[in-house]
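Listed below are the residues making up each chain.
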Amino acid sequence: MNTPSNTRTLLPTLFALALVASSPARAAIEGVTMPPDDGKLRVICFGAHPDDCEIQAGGTAALWAKNGHHVLFVSVTNGDIGHWREAGGALAWRRKAEVQKAHKILGIQGVILDIHDGELLPTVENRRMLVRLIREWKADLVISHRPNDYHPDHRYTGVLVQDAAYMVTVPFFCPDVPAMKKNPIFLYSPDRFQKPAPFQPDVIISVDSVMDKKLDALGIMISQFAEGGANGSADLLPDDPAKQKKRHQDVRDGFAKRQKGFTERFRGKLTEWYSQDNAAKIQHVEAFEICEYGGQPDKAELKRLFPFFD
Ligand SMILES: [Zn+2]
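Being a predicted model, the structure only gives us computed values, none of them experimental.

### Section: helix 2 (residues 52-66)
- Helix length check: helix 2 (15 residues) gives 21 Å between terminal C-alpha atoms against 21 Å at 1.5 Å per residue, within 8%.
- Helix geometry: helix 2 is bent most strongly at Gly 58, by close to 70°.
- With 13 of 15 residues buried, helix 2 lies mostly within the body of the structure.
- Following helix 2 by one or two positions, Gly 68 adopts a phi angle in the positive range, close to 85°.

Quick look at the structure:
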């Protein structure tokens, strides 16, 4: 029988056990192989749809992967209305299969959250989901859309990631996954919108050495690009093999041109990162802006996180 003093020591233990029992143990991120704690960088990129991360950060992701770093692309919606001809579960599965092939080419992992395309909202439930993913991945870097992008799912992805940018460190928010001791660095990918403020490139990466990989990865997402996605039509990819070949080449050329457009837009800042000679030769870049929430890296820290400069 317990003496009063034994009861005093036992009660807190029982209370702690009850807390543990009421918080279900979380498996690692479903379908994702958790990387070892090997000192390599851990990057998580959130895009609204299964193609956004790949467009915005596919080249830099391939560079990180080539150097043994760990990259996870998260599509916050399942993309199930992103086509002119088909929708629903069948489209979501098709898009999942396409991004999985793209991730294989880039050497990274991916996950698609089960939220309908076009219906994402910045709810507390979704905030919890993103906070858990960032913590479980033990992210050093988090990339997402800016919250003034054109598509509501892009905007709310940006808002949800901003909302996570402090909460990942708060122990009693989602206590089922340990809070982060160090706030990661949060970055935005570029867009063309000017209001309330245009995108500012705080770090610019040459992706020339992996541009073919990026174009292969984007080209494989046929539902989105060759077939034109939500605003496409049957005319884009006709049955004639010669016309199909041309369409695939046009998609590839279009993305290469888009990437060259960023290079010209940010060319004045390239010499902050590359020698004059090398900067002049760069054709394709990806760029990121530092979010004011989360960790605030100086230039030396950015060079550690983007170990690709000469
Ligand atoms: Zn999108």
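### A short note on the environment of Arg 252
- In this structure, Arg 252 sits in helix 7 (residues 241-266).
- Under the relative-accessibility criterion, Arg 252 is labelled partly exposed at 24%.
- Considering only alpha carbons, one finds Arg 252 and Asp 216, 36 residues apart in sequence, at a separation of 8.0 Å.
- Sequence-distant contacts of Arg 252, that is, excluding residues within four places in its chain, are made with Asp 212, Leu 215 and Asp 216.
- A polar side-chain atom of Arg 252 sits 3.5 Å from a polar atom in the side chain of Asp 212.

### Let's talk about the nonpolar core
- Counting 53 residues, the largest nonpolar core has Trp 64, Phe 73, Ile 205 and Phe 306 as its most contacted members.
- Ranked by the residues each element gives to this core, the list is headed by helix 2, at seven residues.
- The residues contacting Ile 205, other than those within four sequence positions of it, are Thr 60, Leu 63, Tyr 274, His 284, Val 285, Glu 286, Phe 288, Phe 306, Phe 308 and Phe 309.
- Counting 31 residues, the second largest nonpolar core, distinct from the first, contains Val 32, Ile 44, Leu 133 and Cys 291.

### With respect to the sheet that holds strand 6 (residues 203-206)
- Read across the open sheet, the seven strands follow the order 3-2-1-4-5-7-6; overall the sheet is mixed. Of all strands in the sheet, those with a lone pairing partner are strand 3 (109-112) and strand 6, marking the two edges. Taken over all neighbouring pairs, the strand axes of this sheet differ in orientation by 25° on average, direction set aside.
- Both strand 5 (residues 185-188) and strand 7 (residues 285-294) contribute to a ladder of three bridges, which runs antiparallel. Counted as the bridge partner of Leu 187 is Ile 290 from strand 7.
- Sheet contacts for helix 2: strand 1 (42-47), strand 2 (70-75), strand 4 (141-144), strand 6 and strand 7; angle to strand 7, the most-contacted strand, approximately 100°.

Cut-offs used in this document
Residues numbered from 1 in each chain as written. Predicted model: local features only at pLDDT ≥ 70, side-chain atom pairs only at ≥ 80, totals over all residues. Heavy atoms only, no water. Helix = DSSP H or I, 4+ residues; strand = E, 2+ residues; numbered from the N terminus. Expected span 1.5 Å × (residues − 1). Bend = angle between axes of the 7 residues up to and from the residue. Buried < 20%, exposed > 50% of the residue type's maximum accessible area, 1.4 Å probe, protein only. Contact = heavy atoms within 4.5 Å. Polar contact = N/O pair within 3.5 Å; in protein donor to acceptor, adjacent residues only side chain to side chain. Core = buried A, V, L, I, M, F, W, Y, C linked by side-chain atoms within 4.5 Å. Pairing = 2+ DSSP bridges. Axes fitted to C-alpha atoms, helices over the stretch in contact; angles between N-to-C directions.

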